[in-house]
Number of protein chains: 2
Amino acid sequence: MKWDAWGDPALAKPLSEDIKGLLAAVLGVSGEVVAGPAADKVVLRPSTLADDDLKALAAIVGASWLSTRDADRLPRSGGKSTPDLLRRKSREPQDAPDAVVLPGSEEEIAAVLALCAERRIAVVPFGGGTSVVGGVDPIRAGFTAVLSLDMRRFDQLLTLDEVSGEAVLGAGLAGPQAEALLAARGYELGHYPQSFRFATIGGFAATRSSGQDSAGYGRFDEMVRGLRVITPAGILDLGRAPASAAGPDLRELFLGSEGVFGVITAVRLRVHPLPAVREFEAWSFPDFATGAAALRAVEQQGTGPTVIRLSDETETAVNLAMTDQIGGTQVTGGCLAVTVFEGDAEQVAARHALTRAALLAAGGTSLGEAPARAWEHGRFNAPYLRDALLAGGALCETLETATGWAQLDGLKAAVSQTLQSALQDTGSASLVMCHISHVYPTGASLYFTVVAAQQGEPIEQWAGVKHAVGDAIMANGGTISHHHAVGADHRPWMDQEIGELGTRILRAVKDAVDPAGILNPGKLIP
Amino acid sequence: MKWDAWGDPALAKPLSEDIKGLLAAVLGVSGEVVAGPAADKVVLRPSTLADDDLKALAAIVGASWLSTRDADRLPRSGGKSTPDLLRRKSREPQDAPDAVVLPGSEEEIAAVLALCAERRIAVVPFGGGTSVVGGVDPIRAGFTAVLSLDMRRFDQLLTLDEVSGEAVLGAGLAGPQAEALLAARGYELGHYPQSFRFATIGGFAATRSSGQDSAGYGRFDEMVRGLRVITPAGILDLGRAPASAAGPDLRELFLGSEGVFGVITAVRLRVHPLPAVREFEAWSFPDFATGAAALRAVEQQGTGPTVIRLSDETETAVNLAMTDQIGGTQVTGGCLAVTVFEGDAEQVAARHALTRAALLAAGGTSLGEAPARAWEHGRFNAPYLRDALLAGGALCETLETATGWAQLDGLKAAVSQTLQSALQDTGSASLVMCHISHVYPTGASLYFTVVAAQQGEPIEQWAGVKHAVGDAIMANGGTISHHHAVGADHRPWMDQEIGELGTRILRAVKDAVDPAGILNPGKLIP
């Protein structure tokens, strides 16, 4: 994974002429690439770990699983938000963890946490490093140093129970590794967020991730049957049964705990046989409100698509859902919706027919398979486009929220207007695009992509816009995050999200499981 | 609701000749009724509340909403477990709350909690009083007195959002009241536990209730979109969005909190339009394992029944699922399964066809509509039978658990054997019956009904059996409760259920929201 861009360098692509044309026409951005510094020119803040601390850590994990080299610290110096990537291009000294440790067992994690609590060293659990909310920022927060605790050695399919349809997966497995291990046995997890290629099982759990197939397979938190967590105060093994009335569900405290309560080492997950059949159908709706009502009908009736999503007029006009055709001639018109159905032939046929009937009744026009397959082809590639846009002088970022169906139009309008006016205040026009990608009986998510021109210091430029948008989300009944999590970036809104007493409850849990406060300081809890 | 039996006195029924025959033949129990004391002969422990406390409480809620009369204390002196009902027949002085208070607003609840915290008075939130796990026992636990806080005045349909498909319901609404208010607007909640006629919206949330239509409409906790809770430390208003990644889901701490963290005043719930069509079909399977595999196939394929349940051989043989025919000539043979489908005509037809195909493929034989309709007709009546059995010298109780599909047969065998041998040790034969009534992709619930002969002191007789069964559940991978909750009775197993650190987390939350510890002492948290 690249240190200063999204992911696999082999998949990076320059801006197409279509996109350059769009940038120039709408935003006045040239698209000419300005190169950042090479990795070996980046200056990291020096490690503050004492030799004695390093020796003690090496004694726990073995010297080969501990590093203070810049080449190891740099890729763990933060996540992949737009401000993160802009910051990486800086030639000033950059924050970085003081060391990287790669434990190989739960016992080693427990020993590392005990040592760090005693020596006042902060610990940032690290999975795929794809956070876009500052979730892995190496914040020292008054501690003597900060350690990046990389979970990649927890990379096993530990058990597969084909009768119960559940698998125990190591927290350090990246999405494709986990799916490959399961596919070899004929099973699938079915969790495909945009971060799929890099993010890990533990990270999905710690951030309440939600994938593109959530309509069919659920959010990641809904797939979790059990969790193992190492905390400084001991080990938790949560989730005895598929459902229980034995008090509060403590799994739900660790799902979304973002490394502040403990280190997730293994997750027991619901899995399903690899689907025998997949069917695709794209749809066009005259406008977003009509399309949203159609998605609502499908979800409230429970017709059963595996994927269902709807792009608004602007996102449809620039072909954003079909990454190979962005900025080219408009492919579909109106508002594009994509549906995918997976399962046995009979099931797929029945679900597809019911969904089709509901979408037709709600004013949809079928576009056939092609646009839905084009969406799937490029489904993980949008972040590569962002890399090219940032290098070409554009400001590009995404943000997301969710609310009830009745509040959806109002929230979408408020966020869009806030983005446009806040960017206008910085001197830039903007292109604001939105889609619904996760539906629930009572509401849906809204995912925004905004492109503007970089003006002045783009990190500060975006910080002001983000502040305004966060306030607009809270004022209009949205959640501060539907699936990106809180990290450092959304922390200012957590008091509003859960109330002051909710915050006190999180602090009480924190004190119980991490009395020294070493785990991922500066994240999640206000 | 009767103070010494299940519910509506009008629905009480003497034992049929069929049942008497069965009792005599299998258990040697005569079935002759032994009457307990009349209500006015019951002796309650005297109220310890001082005049000054009563004055202060009356100043908050108004004198007419406060009572120390025995007639008000007696019906709130406990729940409806078999030991509860046996205890009510005692002529010794009985535990009871020292007063009953019926607040009319959140402000009054907050003021009552503040007063009680200051004056060291315990508070037991009270809904329908249907707990079968000692959840509303008036335990003083070192406090000067204990107050029953009855929520029945919170009886409004506060809002109905037809677009989002959600309603905010007052916590004190009993099941039928809530459904009637929704039905008048064309909507339904669809939560039908056996306690439906008496239990309340707040109680369903506080105990993680699960109803008979859970396959279609979900467990109660899955219906909850938001909660309002008054705690001694302040008010919580949880659940901004249908789904969120803004940290741990704090709703899940209050679902199942059983009154120990706060008083739930209103619940925002997912509702659906009243179904246009209902279809019924009963099935027979040659044995329980074959039937369980069939239910598993249906749930893992997601064919979509609203109700699906399976009785084992013994339960089927005595017609337990068809309460009007219990003990009579065997109606179906094998293992009876019931399916119900609700929704629009098209949906119902599609789901019924897919479910039918899966059940046929798994070895089921259709029995047509009649046995499924007979089940529905008597679906809430089994507790009345228990009243008659207890009065007739039989011991009758239910208990329930859940586990993964792969562990289901082993858990069922272990619980059955433990019940039989523990009862044998008390000198009684027993009839142990079991059904699956709640299914999940990864597992299912097991619900046991046991009938034996009362021997010696039946309260102690059952206590020993219950202890052995609880241990067997934990040793065989079950949860100590799938939908009855913890209360006082399951508390001894909570350390095993969630681990010692899990218990510490619950205590930390308790300290944060109820620092004086006045709320429902002696319940849930070990």
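Now for a quick tour of the structure. (Residues numbered from 1 in each chain as written. Chains lettered and ligands numbered in written order. Predicted model: local features only at pLDDT ≥ 70, side-chain atom pairs only at ≥ 80, totals over all residues. Heavy atoms only, no water.)

1. So, the overall build of chain A
- Tallying secondary structure elements over chain A gives 18 helices and 19 strands in all.
- A globule of 526 residues ought to have a C-alpha radius of gyration of about 24 Å, and chain A, at 23 Å, matches this closely.
- Here chain A, with 526 residues, has 62% of them falling under the buried criterion.
- Within chain A, counting contacts between residues at least 6 apart in sequence, those at least 24 apart form 76% of the total.
- Split by element, the accessible area of chain A, about 17400 Å² in all, is 52% carbon and sulfur.
- Side-chain charges of chain A comprise 44 positive and 61 negative groups, with the mean position of each set lying 3 Å from the other. (Helix = DSSP H or I, 4+ residues; strand = E, 2+ residues; numbered from the N terminus. Rg over C-alpha atoms; globule rule 2.2 N^0.38 Å. Buried < 20%, exposed > 50% of the residue type's maximum accessible area, 1.4 Å probe, protein only. Contact = heavy atoms within 4.5 Å. Areas by Shrake-Rupley, 256 points an atom, 1.4 Å probe, with all protein chains shown as cover. Lys, Arg positive; Asp, Glu negative; His and termini not counted. Charge placed at Lys NZ, Arg CZ, Asp CG, Glu CD.)

2. Remarks on the pattern of salt bridges
All names here are of chain A.
- Across all of its chains, the model carries 56 salt bridges over all chains by this definition.
- When the shortest N-O distance is used, the salt bridge between Arg225 and Glu166 registers 2.5 Å. Taken together, the residues span a long stretch of sequence, with Arg225 in strand E8 (residues 224–231) and Glu166 in strand E6 (residues 166–170) at a distance of 59 residues. The same class applies to Arg225 as to Glu166, namely buried. (Salt bridge = Lys/Arg side-chain N within 4 Å of Asp/Glu carboxyl O.)

3. Things to note about the nonpolar core
- Membership of the largest hydrophobic core comes to 229 residues, with the highest contact counts inside it found for A:Ile436 and B:Ile436.
- When sequence neighbours within four positions are dropped, the list of residues in contact with B:Ile436 reads B:Phe288, B:Ala292, B:Leu295, B:Ile308, B:Arg309, B:Leu310, B:Trp405, B:Leu408, B:Ala444, B:Ser445 and B:Leu446. (Core = buried A, V, L, I, M, F, W, Y, C linked by side-chain atoms within 4.5 Å.)

4. A few points about the relation of the copies chain A and chain B
- Between chain A and chain B, the superposition needs a rotation of 180° and an axial shift of 0.0 Å, giving an RMSD of 0.0 Å. The transformation relating the two chain copies, once decomposed into turn and shift, fits a two-fold axis.
- An overlap of 100% is found between the interface residues of chain A and their copies at the interface of chain B, pointing to a shared contact surface. (Least-squares fit on C-alpha atoms with pLDDT ≥ 70 in both.)

5. Section: unusual backbone geometry
All names here are of chain A.
- Of note, the phi angle at Arg120 is positive, near 60°, even though the residue is not glycine.
- Topologically, Arg120 is positioned in the loop between helix H5 (106–119) and strand E3 (121–126).
- What makes Arg120 partly exposed here is its relative accessible area of 40%.
- Positive phi, close to 85°, is recorded for Ala485, a residue that is not glycine.
- Mapped onto the elements, Ala485 comes out in the loop between helix H17 (458–475) and helix H18 (494–513).
- The class of Ala485 is buried, set by a relative accessible area of 1%.

6. A closer look at the interface of chain A and chain B
- Listed by partner, the interface residues are 84 residues for chain A and 84 residues for chain B.
- Both faces combined, the contact of chain A with chain B buries some 5800 Å², and carbon together with sulfur accounts for 61% of it.
- On inspection of chain A and its partner chain B, the count reaches zero salt bridges.
- For the side of chain A that touches chain B, the element with the most residues is H18(A), which contributes 13 residues.
- Among the residues making up the side of chain A that touches chain B, the classes are represented as 40 nonpolar, 28 polar and 16 charged. (Buried area = accessible area lost by both parts, 1.4 Å probe. Nonpolar A, V, L, I, M, F, W, Y, C, P; charged D, E, K, R; others polar.)

7. Quick look at the side chain of A:Asp213
Residues and elements named next belong to chain A.
- Mapped onto the secondary structure, Asp213 falls in the loop between helix H7 (201–207) and helix H8 (214–217).
- Polar contacts involving the side chain of Asp213 include one to the side chain of Arg379, which spans 2.8 Å.
- Filtering out sequence-adjacent residues up to four positions away, Asp213 remains in contact with Gly190, Tyr192, Gly218, Thr306, Val307, Glu342 and Arg379. (Polar contact = N/O pair within 3.5 Å; in protein donor to acceptor, adjacent residues only side chain to side chain.)

8. Remarks on the packing of H18(A) against helix H18 (residues 494–513) of chain B
- Two numbers describe how H18(A) lies on H18(B): the axes approach to 9 Å, and their chain directions differ by 145°. At the point where H18(A) passes H18(B), the crossing takes the right-handed sense. For the pair H18(A) and H18(B), the contacting residues are A:Leu501, A:Arg504, A:Ile505, A:Ala508, A:Val509, A:Ala512 and A:Val513 in the first and B:Leu501, B:Arg504, B:Ile505, B:Ala508, B:Val509, B:Ala512 and B:Val513 in the second.
- Looking at the contact of H18(A) with H18(B) residue by residue, the class counts come to twelve nonpolar, no polar and two charged. (Axes fitted to C-alpha atoms, helices over the stretch in contact; angles between N-to-C directions. Left-handed = near helix turned anticlockwise from the far one by under 90°.)

9. What to know about helix H13 (residues 345–361) of chain A
- Counted at 1.5 Å a residue, the expected span for H13(A) with its 17 residues is 24 Å, and the 24 Å between its end C-alpha atoms agrees.
- Listed in full, the buried residues belonging to H13(A) are A:Gln347, A:Val348, A:Ala350, A:Arg351, A:His352, A:Leu354, A:Thr355, A:Ala358 and A:Leu359.
- Contacts from the buried residues of H13(A) go to strand E12 (277–285), helix H11 (288–301) and strand E14 (335–343) of chain A together with helix H11 (288–301) and helix H13 (345–361) of chain B.
- Looking at the residues trailing H13(A), positive phi occurs at A:Gly363, about 100°. (Expected span 1.5 Å × (residues − 1).)

10. Concerning the side chain of B:Gln212
- Assignment of secondary structure puts B:Gln212 in the loop between helix H7 (201–207) and helix H8 (214–217).
- A polar atom in the side chain of B:Gln212 sits 2.6 Å from the side chain of B:Arg379.

11. As for the packing of aromatic side chains
- Using the criterion set out here, one finds twelve aromatic pairs over all chains in the structure.
- Relative to A:Phe198, the ring of A:Trp6 lies with its centre 5.8 Å away and its plane at 90°, an arrangement referred to as edge-to-face. Pair noted here: A:Trp6 is in the segment before helix H1 (17–27) and A:Phe198 is in the loop between strand E7 (187–188) and H7, with a separation of 192 residues, a long-range link.
- Among the residues examined, A:Phe198 registers a relative accessible area of 15% and is labelled buried.
- Ring plane angle 70° and centroid distance 5.8 Å describe the contact between B:Phe254 and B:Phe261, whose orientation is recorded as edge-to-face. Note on accessibility: B:Phe254 and B:Phe261 belong to one class, buried. (Phe/Tyr/Trp six-rings, centres within 6.5 Å; stacked < 30°, edge-to-face > 60°.)

12. Quick notes on the environment of B:Ala361
- Looking at the element boundaries, B:Ala361 is found in helix H13.
- A relative accessible area of 71% places B:Ala361 in the exposed class.

13. Quick word on the pairing of strand E6 (residues 166–170) of chain B
Residues and elements named next belong to chain B.
- Taken across its five residues, E6 has five buried, putting it largely inside the fold.
- Taking every second residue as pointing to the same face, both faces of E6 are buried, with Glu166, Val168 and Gly170 on one and Ala167 and Leu169 on the other.
- Where strand E5 (residues 157–161) hands over to E6, the hairpin turn is made up of four residues, of which Gly165 adopts a positive phi near 65°.
- The pairing of E6 with strand E10 (residues 263–270) spans five bridges and is antiparallel. Directly across from Gly170, in E10, lies its bridge partner Ala266. (Pairing = 2+ DSSP bridges.)

14. Quick word on the sheet that holds strand E2 (residues 99–101) of chain B
Residues and elements named next belong to chain B.
- Taken in spatial order, the four strands line up as E1-E2-E4-E3 in an open sheet, and their pairing is mixed. Each having just a single partner strand, strand E1 (66–67) and strand E3 (121–126) make up the two edges of the open sheet.
- Direction of pairing for E3 relative to strand E4 (residues 145–150): parallel, over a ladder of six bridges. Bridging across to E4, Ile121 finds its partner in Ala145.
- Against the sheet, helix H5 (residues 106–119) makes contact with E3 and E4, and its axis sits at roughly 145° relative to E3, the strand it touches most.

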